[in-house]
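Okay, here's what each chain looks like letter by letter:
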Amino acid sequence: MADGMKRRDFLKVVGAGGVGVAAAGCSTGQADKLIPYVIQPEEIVPGVPTWYATTCRECPAGCGLMVETHEGRATKVEGTPDHPVSHGHTCARGQASVQGLYHPDRHRGPSVVEEGVGVPRNLSWSGVETDLARRIQGFRQAGRAGEIVFITGGYTGTMDRLARDFTAAVGARRVEYAPLEDAPRDLDFADADLLISFGADFLETWGSPVDYAHQFARMHAYRRDAGGAARRGRFVWVGPHRPLTGLSADLWIAPRPGTEGRIAALLAGGGGDAAAVAQATGVPPQKLQTLVEWYGQSARRVALGPGAALSGTNATAVRQAVARINGAGAAPAAGGTDLRALRQVIEEMRAGRVGMVFIDAPDPAHTLPGGMRFVEALKRVPVRVSFSPFPDETSRHCNYLLPDHHFLEKWDDYEPRPGVSALVQPVMRPVFNTRQVGDVLLALARQLGVALPGAADSYYDYLRAGWAGRASGTAWREAVKRGGVWGGAAVAAAPPPVQGDTTTAATTPAAPQPPRPAGPVAYQDLSFAGEGEFHLVVYPSYRFFDGRTANRPWLLELPDPVTKVPWDAWVEIHPEAARRLEVEQGDELEVTSRHGSLRLRAYVWPGVRPDTVAIQMGLGHEGFGQWTEGRGANPMRLLGGDSDAATGAPAYFGEKVALRRTGETNTRWTGIFEQGVRVQHDRRLAQAVSLAAITRADAAGGGRIPGQDQEIEQLHGGGGFAPVPTHTDPTAFPAEGGKFGEYIDGEVRWGMAVDLARCIGCAACTVACYAENNIPVVGPSEVKRGRDLSWLRIERYFGVTREEDEALREEATDDVRFLPMLCQHCSNAPCEPVCPVYAAYHTPDGLNAQVYNRCVGTRYCANNCPWKVRVFNWFTYKFAEPLNWQLNPDVTVREKGVMEKCTFCVQRIHERERGAAQEGRLLRDGEVVPACVQACPTEGFVFGNFSDPASALSRVAASHRGYRTLDEINAQPAIVYLKKVTLHEPANGGHGERPAPFGGDEHTPQGGVAQPAQQGGH
Amino acid sequence: MSKLRTGVLGVFAYLDTATDAIRRLKHAGYEVTVYSPTPRHELEEALEVPESPVRIFTLVGAFTGTAAGTALATWTSIDWPLLVGGKEVVALPAFSVIMFEVTILLGALSTVAGLFILGRLPHIGPPEAPLYHPSFTAGNFGVFAHAPRDRYDQVQAIMTEAGSEEVLLDHR
Amino acid sequence: MATETETPTVVRSTFHPEVERYEEVNRDADRLLTKPGRGYTALLALTVSLVGLMVIAELHNIVFGLGMSGLTNPVGWGVYITTFVFWVGIGHAGTLISAILYLFRAPWRQSIYRFAEAMTVFAVLTAALFPIIHIGRPWFFYWLLPLPSQRGLWPNFRSPLLWDVFAVTTYLTVSSVFFYIGLIPDIAAARDSATHPMRKKVYTILALGWKGTDREWRHFTRAYLYLAALATPLVLSVHSVVSWDFAVSIVPGWHTTIFAPYFVAGAILSGVAMVVTIMVPVHRIFNLGKYFTPVHYDRLANLLILTSCIVGYAYGMEYFMAWYSGELYERDVFWDRVTGEYWWAGWSMITFNAIIPQFLWIKRVRRNLNAFFLISVIVNIGMWWERFVIIVPSLAHSYEPWKFLNYHLTWVEASVLLGSFGWFFMWFLLFLRYLPGLSIAEIKEVLPPPLKHPEGHPATVEEGSPTPVATLPSGYTEREVVV
């Protein structure tokens, strides 16, 4: 199938009954091997999704995924509920994996580039394999098998074994290259009191982000334990700049680059006294003092790191210092890549001593430090085989293109961490004519006539054979059904409790894959090389990881969670330094190191040390498809390829760079575009309350009985029917409301609670919303016009009042607030009455509905929406074939001229309602889970029914932290936000004293009281 | 009121002479049709005509409009009641605009209808008076006396006496 | 015939001292209908080509989508709605002069109301385009009409936009009817004097057989009175309804009780300005000094000064309330209007509408046609900016700070804006050429009637009080008027 699945094939699949399941779900045609997770349909029921369990391979974390397939097409991924890694959730990258599956840039099939010809010639798989086997045979007969090199990336489990056996059997060499994979993925800090991260962006890429985010929420969010005592861990970020993870910190300590280890040493003891360390690290003594105090006060402290951004040549030393804080006796091992081995191979390649290279690693040409000059070495190799499913920087220099399956199309297994053996299961037939590496290797082995232990006809059989020990027969079925084997006996699948307690099985720090212990190393500060005056921080991207997911439109359109810059890269620079260089936000800078130079736009903010600049990995691709072409620059070009002295792990830290202004400045259409604003302009949207105050409040308000809670009743009063004055007699409802219209007192009033204390701003919800609701991507220029169609956005506020704005551009704050903003589904919705054609109206179950077919596009509703959460289809946006295969058949695709907005995933509500009706019962609380709620790794959303006083929603909304945004408008929003909990008295600004609906405020000090006197005075 | 189809037309350059002629003719018992380039009270006074009943049309039309507007807005809302913004389904403050606009619309249209019916516009069929002179829309006044042929002489005399510039007889 | 006879002591109208006889009016009216020069053809070609431009632009909107405009989230309304309000406003002066002043028996209206009335009809005709142009799916605009959908759902009468539909269509209908009814006697006059057979035929049809009989006049005058009586509240309501498009919403800067009177005053200000903008060239080209006398310009100047003062007061009051209310959002919006990205628009609206018209207090300014013309143009520009400033910065700076984002118009919107002027003036030029621009019959109402024995007829002294030349106010001569 050169151009994907044809409609006719597709219908065959659907019509083919039992075989249909097989054909639809399986690449290798074994009908009986596919076991749907929830239900086991004998045939596909058109319109009814089938779910398959598999494992996410977008990053090393290996989250368990549930993939929703409609008639044989994967449309949406979700976390496997009982999975120890994903806890039923995902990150933004995981949500976007379906776009990797249907990416229009993917190789359509195997091809060969003859020397001098240039254009690839398409071949059959057997043709390519025969050809390759012949060449390998040639080398072996000439006794030069040693010149065959296999660069593998992040292989574990079966693939690791196969690669090892294959290379051994052929006599080839294997070298491992798996960037950003050497972080431990099995730490447990869910119950820590103090968490210290040394540049470890564990909420983004470090280790196991979803699992860690889940733990972080439980450790850091405000909660009350069984005894009713308030609990909230503290989090300290140590590093020269603040990525997303750092923004959640209660304290940011920015030591002089290279001296981070001293902080760890100080805390672990035997690191000298605080004053001396403060002196050496340039950290303000009082800050260090606070850290030391907190450290002393905390019963359980966990330190993480160093993250890739802080990994220099002394990484092991820092890691061991950090480990001592955790009280781990033996120094934990490094893992992942040994760059030394790779560098040696590259030298041989350059010297022409490598005749044939197989590459199945994450795009070395893009992710390897420029100083290693990989590409020019690669060009010296006669036979260059790429398994990359995408055209990328590496494969464009290869002459054998053997596109691998996307992980949603292949059989495989993976070990995220000890004790967890995850299975990767194909959820549909391959989109293109691809073949997975395992099958290729087995085929080559067959053709070469070399014997591999446990060799089989197909990789699937090979895999099963390998698993015979762990799971066979029904156990295998169970394993496939759940997506792997972990935690000893199989745990029964259960939907996640809304804010439940799901901890990981593993508790002790253990070695990541593959373990490579290193002895104790003496710590010394990292010395920076280079002439420039700025220390360079190169840090992994939450959206693009090391660049491997950079071609997903959703992730490009999603603004960076920190800078809120979509579709672009930038260099972060401190305002002080910017002033010195006379640089403004968006001006172009030339960044030069010993190894290269690049041009990027300046992003000026105080989240980076004045003597440091930070650049994100991931963009700056040269051959990675239509959407990444010419976006940003690749910071790896600035690095030399040093490695950790002890373990050989790549060193991303330790380079100095010089900055030069090129004179290109920001205009409305060129340069970078930062979405939103940095302060709240006194709007009191994202509010916070101090830990002390909320503790007092909860103590005082103890014994509140849900249901009899006056505020809850009042909110219920807003429930869907009638205008209810903000201060009304709640008991008057719904009798009073009943007289309005024909709506009777409905059973449900859908609503949502959002806990700002849990939100880490990762925007997984946003991408989930794109995936679930067929939201189109509008592209960079339209985004700059403010026409992005995101139904759910994460607002990131550094401050409250406009006065702070200037100050905050200079001084970093420890109170950064994230505010998920979506349709508030108001009871007195301002958007509804202004619509002349009833396109916007109120449903009996309290939803603020938008009827696309009725909409004529007056845009009055959007004008009248105080939250500005309604978006308009300015054009009819295209879904590039085959990306349109991902469209959710349950949701309308909108045309130009139509208004749209969040629907609380009404399609899911109705699906559940139908299900309940079929079973002749009422909906259970927590049964309906909108996409955003489902995705959130910190479980910060609660969706449910306000009419039911016992529902989790009603209980959560009753919190003293509860409030509704812009409440004075009396739109009666159905979304209750729970205030973020800060350690110090927070400012909330806003105008005047305004009673918060949930009475929480009489306990919270009116921080940042009325500003109006300073507003618009004229 | 069917007037005689025959008669004599007097063309007057002056308003006072025309009114004078009208008075004399009416006194002589003739029905007259007066042409004038612009409405003058003097003429109406001389003719002693009652107030125009157009206003009845206006009144009825306007009230019909109010009723229609109210009915439209109210009935369509009740026919398929949908809640928007928690407002009343029958929201009279909002509907008052509709009522008002329809009132004006029907009121105006029925006024025009009244004009056309009472003023016999557009003119189809035989004219009210058989004789007409284009100068009547310019500067001259015309007085047509509806009279049987045998009285033409008398009428002509009255016209000339009153100061008619020109007298036309209807000979058909 | 009559005109040859010697005339007794001349009695003249205060307003048209130079016009002696009824016939003169017909002659001058016919002058407007005679074959035009090259200038006219050129102007007409220009306006038509502008309309063509608008059509091309609108096709872009329809084919590619409304994204061709500069609109965005949060600024959902921009140039289109601005221009809509502008043209609706222009219409108001016409109805004011033709209907309200008629009720007030202001005799000076007679000679100019025909132009004003025509302006009204064409302005509303222009405005009526925009609700269709600005919606996202123009091909479904009829969903806004009171018709049930296939499923029996009627439009939402609670929506201000639907009030708009009713107000604008009613206004268009009533003012067109009013316009045509007033035209009937004059078309009859044109018919009687027409020489060209084609014209004669057309006018004969349009005149509906009008002869000016006592019966016709009797009902005509009453009907006209009642139409005026209906049009008066209508004109006040229409712009109030338009203002409620904004005032009924909760957008800071829109949600204000002052809007209805404020908008009506603004509408009359812009409308009267447009009347002057049109009158002066017509005056010059057709040399109508006899009909557009300094009295008329004085009266119009008075109207401008009055409405400009009201508008100025409204501006002040908006800012006062923003400050006095202590309402954060309100304050921010109004502060943004004069300091934000569109500060220059904010200031130009205040200067052009509230300050510059005050120069008309000075006699030498309002008597100088060039100066008056210039001021009227400035006011028109200012009023367009007023609507822009009300609409755009308010949306760009409302409750949600994350969506503070501004709007920048595109060539498509600019073309539609220009095209709307082309559309308006195209109709007006055609009107000048083919329909009596001077209200022949009504001007005669304020002329002294031809009398053989004036002294013997006190009845002839009525409104528009005819007075001997000697007692005319000093300085009233054509020469001085046209400096």
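Residues numbered from 1 in each chain as written. Chains lettered and ligands numbered in written order. Predicted model: local features only at pLDDT ≥ 70, side-chain atom pairs only at ≥ 80, totals over all residues. Heavy atoms only, no water.

**Student:** Explain the overall build of chain B here, please?
**Tutor:** Of regular secondary structure, chain B possesses five helices and four strands. Taking 16 Å as the expected radius of gyration for a compact globule of 172 residues, we find that chain B reaches 25 Å, considerably beyond that expectation. Structurally, chain B occupies a C-alpha span of about 80 × 30 × 25 Å along its principal axes. Looking at chain B residue by residue over its 172 residues, the buried ones come to 55%. Pairs at least 24 apart in sequence give 79% of the contacts found in chain B among residues at least 6 apart. Carbon and sulfur atoms form 64% of the exposed surface of chain B, whose accessible area is close to 7300 Å². Between the mean site of the 12 positive side-chain charges and the mean site of the 18 negative ones, chain B shows a separation of 4 Å. (Helix = DSSP H or I, 4+ residues; strand = E, 2+ residues; numbered from the N terminus. Rg over C-alpha atoms; globule rule 2.2 N^0.38 Å. Buried < 20%, exposed > 50% of the residue type's maximum accessible area, 1.4 Å probe, protein only. Contact = heavy atoms within 4.5 Å. Areas by Shrake-Rupley, 256 points an atom, 1.4 Å probe, with all protein chains shown as cover. Lys, Arg positive; Asp, Glu negative; His and termini not counted. Charge placed at Lys NZ, Arg CZ, Asp CG, Glu CD.)

**Student:** Looking at this structure, I do not really get the overall build of chain C. What am I missing?
**Tutor:** Looking only at helices and strands, chain C has 17 helices and zero strands in total. In terms of overall size, chain C behaves like a compact globule, its C-alpha atoms giving a radius of gyration of 24 Å where 483 residues would be expected to give roughly 23 Å. Considered along the principal axes of its C-alpha atoms, chain C spans approximately 85 × 50 × 40 Å. Here chain C holds 483 residues, and the buried ones make up 66% of them. For chain C, restricting intrachain contacts to residue pairs at least 6 apart in sequence, the fraction spanning at least 24 positions comes to 80%. Here chain C displays about 16800 Å² of accessible surface, and carbon together with sulfur accounts for 71% of that area.

**Student:** For this particular structure, what's the right way to read the sheet that holds strand S23 (residues 597-604) of chain A?
**Tutor:** Strand pairs in the sheet, formed through backbone hydrogen bonds, run parallel or antiparallel to each other. Residues and elements named next belong to chain A. Read around the closed barrel, six strands run S20-S24-S21-S23-S22-S25, paired in mixed fashion. Put simply, the sheet's adjacent strands are angled 45 degrees from each other on average, direction ignored. Alignment of strand S21 (residues 570-573) against strand S24 (residues 612-616), held across three bridges, turns out to be antiparallel. Each bridged residue has a counterpart across the sheet, and for glutamate 572 the counterpart in S24 is alanine 614. (Pairing = 2+ DSSP bridges. Axes fitted to C-alpha atoms, helices over the stretch in contact; angles between N-to-C directions.)

**Student:** When you look at the packing of helix H3 (residues 79-103) of chain C against helix H4 (residues 113-127) of chain C in this model, what are you seeing that I'm missing?
**Tutor:** Helix packing for two helices is described by the angle between their axes and how far apart those axes are. Residue and element names in this part refer to chain C. Between H3 and H4, the shortest axis-to-axis distance is 7 Å and the interhelical angle comes to 155 degrees. Classified by the interaxial angle, the pair formed by H3 and H4 is roughly antiparallel. Between H3 and H4 lies a crossing of left-handed hand. Residue-level contacts link Phe84, Trp87, Val88, Ile90, Gly91, Ala93, Gly94, Thr95, Ile97 and Ser98 of H3 to Tyr113, Ala116, Glu117, Met119, Thr120, Ala123, Thr126 and Ala127 of H4. Split into classes, the residues belonging to the contact of H3 with H4 amount to 11 nonpolar, six polar and one charged. (Parallel < 35°, antiparallel > 145°, perpendicular 65-115°, else oblique. Left-handed = near helix turned anticlockwise from the far one by under 90°. Nonpolar A, V, L, I, M, F, W, Y, C, P; charged D, E, K, R; others polar.)

**Student:** Sorry if this is basic, but what is going on with the sheet that holds strand S34 (residues 941-945) of chain A here?
**Tutor:** Residues and elements named next belong to chain A. Taking strand neighbours across the sheet as the criterion, the four strands line up as S34-S27-S36-S35 in an open arrangement whose pairing is mixed. In this open sheet, the two strands that pair with only one neighbour each are S34 and strand S35 (962-963). Two strands pair when backbone bridges link them, and strand S27 (residues 750-755) and S34 are joined in this way by five bridges, in the antiparallel orientation. Of the residues in S34, the one forming a bridge with alanine 753 is valine 942.

**Student:** So what exactly am I meant to see when it comes to the interface of chain C and chain A here?
**Tutor:** The accessible area lost on association of the parts is a frequent measure of interface size. Counting residues at the interface gives 60 residues for chain C, matched by 66 residues for chain A. A salt bridge links glutamate 400 of chain C to arginine 793 of chain A, with the shortest nitrogen-to-oxygen separation between them at 3.0 Å. There are 35 residue pairs in polar contact (both at pLDDT 80 or more) connecting chain C and chain A. It is helix H11 (residues 328-339) of chain C that contributes the most residues to the side of chain C that touches chain A, five residues altogether. Each residue belonging to the side of chain C that touches chain A can be placed in one class, and the counts come to 34 nonpolar, 18 polar and eight charged. (Salt bridge = Lys/Arg side-chain N within 4 Å of Asp/Glu carboxyl O. Polar contact = N/O pair within 3.5 Å; in protein donor to acceptor, adjacent residues only side chain to side chain.)

**Student:** Before we go on, may I ask you to explain the interface of chain C and chain B in this structure?
**Tutor:** Tallying the contact residues gives 65 residues for chain C and 71 residues for chain B. For the chain C face of the interface with chain B, the top three residues by lost area are Arg158, Lys211 and Arg215 of chain C, together amounting to 13%. Connecting chain C to chain B are one salt bridge. Arginine 222 of chain C is the salt-bridge partner of glutamate 51 of chain B, the closest N and O atoms lying 2.7 Å from each other. (Buried area = accessible area lost by both parts, 1.4 Å probe.)

**Student:** I tried to follow unusual backbone geometry on my own but got confused; where do I start?
**Tutor:** The step from glutamate 881 of chain A to proline 882 of chain A runs through a cis peptide bond, and the omega angle for that step is 0 degrees. Going from leucine 121 of chain B to proline 122 of chain B, the amide bond is cis rather than trans, its omega being -15 degrees. With respect to the helices, strands and loops of the structure, proline 122 of chain B is situated in the loop between helix H4 (92-118) and strand S3 (141-146). Phi at aspartate 682 of chain A is positive, roughly 65 degrees, even though this residue is not glycine.

**Student:** What exactly am I supposed to notice about the environment of valine 392 of chain C here?
**Tutor:** Residue and element names in this part refer to chain C. Secondary-structure assignment places valine 392 in helix H14 (residues 369-396). Each C-alpha atom of the pair valine 392 and proline 74 lies 9.4 Å from the other, and the pair is 318 residues apart in sequence. Leave out the neighbours within four places in its chain, and valine 392 touches Val75, Trp77, Gly78, Tyr342, Asn406 and Tyr407.

**Student:** What exactly am I supposed to notice about the side chain of histidine 219 of chain C here?
**Tutor:** Looking at where histidine 219 of chain C falls in the secondary structure, it is placed in helix H8 (residues 214-247). Overall, histidine 219 of chain C belongs to the buried group, its relative accessible area being 3%. In contact with histidine 219 of chain C, not counting residues within four places along its chain, are Ser52, Pro53, Val54, Leu115, Leu118 and Gly119 of chain B.

**Student:** Can you walk me through the state of the cysteines in this structure?
**Tutor:** What makes a disulfide is a covalent bond joining the sulfur atoms belonging to two cysteines. All names here are of chain A. Applying the stated criterion to the full structure yields zero disulfides over all chains. Here cysteine 56 stays free of any disulfide, with the sulfur of cysteine 63 as its closest cysteine sulfur at 6.0 Å. With no disulfide of its own, cysteine 823 has cysteine 902 as its nearest cysteine by sulfur position, at a separation of 5.5 Å. For cysteine 823, a relative accessible area of 4% corresponds to the buried category. (Disulfide = S-S within 2.5 Å.)

**Student:** Would you explain a nonpolar patch on the surface in this entry?
**Tutor:** Together, Val55, Leu59, Ile62, Val63, Phe64 and Trp139 of chain C make up a nonpolar patch on the protein surface, roughly 510 Å² of accessible area in all. In this structure, valine 55 of chain C sits in helix H2 (residues 38-64). (Patch = residues over 30% accessible without salt bridge, like charges linked within 9 Å, V, L, I, M, F, W, Y side chains within 5 Å.)

**Student:** Sorry if this is basic, but what is going on with helix H18 (residues 474-482) of chain A here?
**Tutor:** Quick reminder: α-helices carry 3.6 residues per turn. Residues three or four places apart thus point the same way. Listed as buried for H18 of chain A are Trp476, Ala479, Val480 and Arg482 of chain A. The first or second residue beyond H18 of chain A is glycine 483 of chain A, which carries a positive phi of 90 degrees.

**Student:** I keep staring at helix H5 (residues 152-162) of chain B and nothing clicks. Help me out?
**Tutor:** Residue and element names in this part refer to chain B. When we look at burial in H5, the residues that qualify are Tyr152, Val155, Ile158, Met159 and Ala162. Taken end-on, H5 shows its buried residues confined to a sector of 130 degrees, consistent with a single buried face. Turned more than 90 degrees away from the buried face of H5 sit Asp153 and Glu161, all of them exposed. Summarising the contacts, the buried residues of H5 are in contact with strand S1 (7-12), helix H1 (15-27), S3 and strand S4 (166-169). At the C-terminal side of H5, glycine 163 shows a positive phi close to 110 degrees. (Arc of directions from axis to C-beta.)

**Student:** Whenever I open this one, the environment of proline 553 of chain A confuses me. Can you help?
**Tutor:** All names here are of chain A. In this fold, proline 553 is placed in helix H19 (residues 553-557). Counting along the chain gives 77 residues from proline 553 to glycine 630, while the straight-line C-alpha distance between them is 15 Å. Those residues in contact with proline 553 that sit more than four places away from it in its chain are Gln99, His103, Trp567, Trp627, Val777 and Leu883.

**Student:** It is not clear to me how the environment of alanine 341 of chain A should be interpreted in this structure. Could you clarify?
**Tutor:** All names here are of chain A. Structurally, alanine 341 can be placed in helix H13 (residues 339-350). You can call alanine 341 partly exposed: its relative accessible area is 33%. Spatially, the C-alpha atoms of alanine 341 and glutamate 176 are 8.3 Å apart, while their sequence positions differ by 165 residues.

**Student:** Sorry, what's going on with the side chain of threonine 47 of chain C here?
**Tutor:** Residues and elements named next belong to chain C. Here threonine 47 lies in helix H2. On the basis of relative accessible area, threonine 47 is assigned to the buried category, the value being 6%. Excluding residues within four positions of it along the chain, threonine 47 makes contact with Gly422, Phe425, Met426 and Leu429.

**Student:** Would you mind going over the pairing of strand S6 (residues 148-152) of chain A with me for this structure?
**Tutor:** Taken residue by residue, a regular strand's side chains alternate between the two faces of the sheet. Residue and element names in this part refer to chain A. Most of S6 is tucked away, with five of its five residues classed as buried. Here S6 shows a buried face lined by Ile148, Phe150 and Thr152 and a second buried face lined by Val149 and Ile151. One ladder, built from five bridges, connects S6 with strand S14 (residues 356-360); its direction is parallel. The partner of phenylalanine 150 across the bridge, within S14, is phenylalanine 358. Pairing geometry for S6 and strand S7 (residues 173-176), over four bridges, is parallel. Bridge pairing in S7 places phenylalanine 150 opposite arginine 174. What joins S6 to S7 is helix H6 (residues 157-170), and the crossover it makes is right-handed. (Right-handed = clockwise from strand over helix to strand, strands pointing away.)

Just geometry here; none of it tells us what the structure is for.
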